[in-house]
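Topology and contacts: notes
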Amino acid sequence: MYRSTRGLPVAVAAAAVLFIAGRFVPALAGDTGGAPEGPTIGPEVPAVEISLAYRPELDPGRAGYYGFGTTATPEMIAGWDIDVRPDGTGLPEGSGSVEEGEPLYEEQCAACHGFFGEGEGRWPKLAGGYGTLTEARPEKTIGSYWPYASTVWDYVHRAMPFFEPQSLTDDEVYAIVAYLLYLNDIVGDDFVLTRDNLAGIEMPHRDGFFVDPRPDVQNVACMKDCKDPDSIKITWDSTDLGVTPTEFFKGDEEEGETATAADPNLGLNVYQQACATCHKGGLAGAPIVGDRDQWRTRLAQGMDVLVEHAVNGYQGSAGYMPPKGGQIQLTDEEVAAAVRYMTASASE
Amino acid sequence: MASGIRIKAKLTGDQVEVKTLMKHEMETGTRKDSKTGETVPAHYIQEVKAEINGNVVMTANWGPAVSKNPYLSFNVNGAKAGDTLKISWVDNKGETDSAETTIS
């Protein structure tokens, strides 16, 4: 039996997301029958201004009545309320053995996750990885990382198999989860997983999480003699990284007009998406970006010729340059921007 | 579950499809420990053997190029359900592991 490495500085958020994903929050719509909690709007309550375009008539006799939505039926709630908690709350009646799980897993899951949970290709690994959490390439699997068995049940029941989620019966989920625990050396091959014993399964990494004690915000709020807001300038934002599609930005002034502000990263973006396949490494005879010798005579032809060749394609002595690099959806302007980007780095 | 080898052996027609996963570090001997900067000594499986009812049906000579926790799959002709399949390995430090399963 392997033991996991503890004390890894993983923010608890990672785990929290998994578990919160399934939490059901009752909607505050319709007649809540005078529910004690939740906002009420009535003459006795000092009004909190809510900006809604549509304001239905308030019915003071029915607290919490907003005039829209319908009360969720127990069946509707049951359809959403499928989360399973670490203590077993939410688990349906049922059971399944490792033995029953094996053929189900091989049929429904092994194609992606591997016959032993080792993960085919780049599909996620589900087993093993013990002791790797502190290594440069941690392998986070059910066995090495997940703190509760309930999450395995919830996840498989909710989201797997990938292309047909929620197609498994409850007993099938029990059997497959039993088999996954077996693949992770957590239970033996004769184990039968039931609603009653699931919460008692001790996952190897159960004590590996802690609440991150660092505060969310480091700065102390300024209450007096503070900086003049006008003197504060934005010196850098994520658009500088070239990963934000700035063409969708609209400044306040240009509201209504079409924004035509040139994107300084257009050339780079187009190049990476449409040209780098060949021009980065010289595939199919393409001149390599940044290699001056390869570009010198080409540059001498002038920008118009280069752009024309890139847009319409041509057969040269080194090889064939396809029109727009094969990506005909690009506009001529986008291709020209890519050419400017490519030649700028060659003539530096 | 003392063995670090998992095996599946399924008979279809007269061919057994064997799948096996072996737990092993498979250190190449050229990797440097990122913290100490020291070379991690080579440690890899050199020989894998498959036996059916005690008769060797396959021997594989491996080297450091095989990945960590290797997965191996092969087919064997002429075995029948109920036969015992044994997989074993020996590594460059002389360590060994083995596991058996019944062909089904």
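Structural data are supplied above this passage.
One structure accompanies this document, and this report is about it.

Cut-offs applied
Residues numbered from 1 in each chain as written. Chains lettered and ligands numbered in written order. Predicted model: local features only at pLDDT ≥ 70, side-chain atom pairs only at ≥ 80, totals over all residues. Heavy atoms only, no water. Helix = DSSP H or I, 4+ residues; strand = E, 2+ residues; numbered from the N terminus. Buried < 20%, exposed > 50% of the residue type's maximum accessible area, 1.4 Å probe, protein only. Contact = heavy atoms within 4.5 Å. Areas by Shrake-Rupley, 256 points an atom, 1.4 Å probe, with all protein chains shown as cover. Phe/Tyr/Trp six-rings, centres within 6.5 Å; stacked < 30°, edge-to-face > 60°. Lys NZ or Arg CZ within 6 Å of the ring centre and 35° of its normal. Pairing = 2+ DSSP bridges. Axes fitted to C-alpha atoms, helices over the stretch in contact; angles between N-to-C directions. 1 Å grid on protein atoms, 1.4 Å probe; cavity = no way out; pocket = protein on both sides within 12 Å on 5 of 7 lines; lining within 4 Å. Points joined across faces, edges and corners; volume = space filled by probe spheres on them. Nonpolar A, V, L, I, M, F, W, Y, C, P; charged D, E, K, R; others polar. Polar contact = N/O pair within 3.5 Å; in protein donor to acceptor, adjacent residues only side chain to side chain. Core = buried A, V, L, I, M, F, W, Y, C linked by side-chain atoms within 4.5 Å. Patch = residues over 30% accessible without salt bridge, like charges linked within 9 Å, V, L, I, M, F, W, Y side chains within 5 Å. Salt bridge = Lys/Arg side-chain N within 4 Å of Asp/Glu carboxyl O. Lys, Arg positive; Asp, Glu negative; His and termini not counted. Charge placed at Lys NZ, Arg CZ, Asp CG, Glu CD.

1. A few points about the overall build of chain B
When you go through chain B residue by residue, the secondary structure sums to 0 helices and 7 strands. Tracing chain B from N to C terminus, the helices and strands come up as β-β-β-β-β-β-β. Scored against the burial criterion, the 104 residues of chain B give a buried share of 38%. Within chain B, contacts between residues at least 6 apart in sequence are counted, and of these 55% link residues at least 24 apart. When the accessible surface of chain B is split by element, carbon and sulfur atoms take 46% of a total near 5,700 Å².

2. Observations concerning the packing of aromatic side chains
The description of an aromatic ring pair uses the distance of the two centres, along with the angle that the planes make with each other. Applying the stated criterion to the full structure yields 9 aromatic pairs over all chains. Between Trp123 of chain A and Phe162 of chain A, the aromatic rings sit 6.2 Å apart at their centres with planes inclined by 70°, giving edge-to-face as the arrangement. Separated by 39 residues along the polypeptide, Trp123 of chain A in the loop between α4 (110-113) and α5 (149-159) and Phe162 of chain A in the loop between α5 and α6 (170-183) bring together distant segments of the chain. In textbook terms, an aromatic cluster arises when at least three aromatic residues are bridged by ring pairs, as seen for Tyr105, Tyr179 and Tyr182 of chain A. Taking the ring centre of Tyr182 of chain A as reference, the NZ or CZ of Arg6 of chain B above it sits at 4.8 Å.

3. Considering the sheet that holds strand β7 (residues 96-102) of chain B
All names here are of chain B. Pairing in this open sheet of 4 strands is antiparallel, and the strands run β4-β3-β6-β7 from one edge to the other. Each of the sheet's edge strands pairs with one partner strand only, and the pair in question is β4 (55-61) and β7. Neighbour-to-neighbour, the strand axes of the sheet open up by a mean angle of 15°, direction not taken into account.

4. Some points on the layout of surface pockets
It is a probe the size of a water molecule, rolled over the atoms, that shows where empty space is left. Of the volumes computed, that of the largest pocket is approximately 1,200 Å³. Around the largest pocket, the lining comprises 48 residues; the ones closest to its centre are Asp185 of chain A together with Ser3, Gly4, Ile5 and Arg6 of chain B. The set of elements that each furnish at least two residues to the lining of the largest pocket consists of α3 (98-108) and α6 of chain A together with β1 (5-12), β2 (15-22) and β7 of chain B. Ranked by the residues each element gives to the lining of the largest pocket, the list is headed by β1 of chain B, at 6 residues. Each pocket or cavity is described by its volume, and for the second largest pocket that value is around 980 Å³. Taken together, 26 residues form the lining of the second largest pocket, with Glu135, Arg137, Pro138 and Glu139 of chain A together with Lys68 of chain B sitting closest to its centre. Its residues assigned to classes, the lining of the second largest pocket comprises 6 nonpolar, 8 polar and 12 charged.

5. Concerning the environment of Asp87 of chain A
Residue and element names in this part refer to chain A. Structurally, Asp87 is set in the loop between α2 (74-80) and β1 (95-97). Counting along the chain gives 113 residues from Asp87 to Gly200, while the straight-line C-alpha distance between them is 8.1 Å. A polar side-chain atom of Asp87 sits 2.5 Å from a polar atom in the side chain of Thr89.

6. Considerations on the nonpolar core
Note on soluble globular proteins: their nonpolar side chains tend to be buried together. With 42 residues, the main nonpolar core has Tyr105, Leu180, Leu193 and Met203 of chain A as its most contacted residues. Contributions of two or more residues to this core are made by α3, α5 and α6 of chain A. The biggest single contributor to this core is α6 of chain A, with 11 residues. For Met203 of chain A, the contacting residues outside a window of four places in its chain are Ile142, Trp146, Pro147, Tyr148, Ala149, Val152, Leu181 and Ile186 of chain A. The next biggest cluster of nonpolar side chains, apart from the first, holds 24 residues, and it includes Met26, Ile45, Met58 and Trp89 of chain B.

7. Topic: the side chain of His113 of chain A
Residues and elements named next belong to chain A. The topology assignment puts His113 in helix α4. The exposure class of His113 is buried, given its relative accessible area of 11%. At 2.8 Å, the side chain of His113 forms a polar contact with the backbone oxygen of Pro124. The contacts of His113, once residues within four sequence positions are left out, are Tyr105, Glu118, Gly119, Glu120, Pro124, Leu126 and Met160.

8. Quick word on a negative patch on the surface
Among the surface-exposed residues, Glu99, Glu100, Asp171, Asp189 and Asp190 of chain A lie close enough to one another that they form a single negatively charged patch. Inspection of the secondary structure puts Glu100 of chain A in helix α3.

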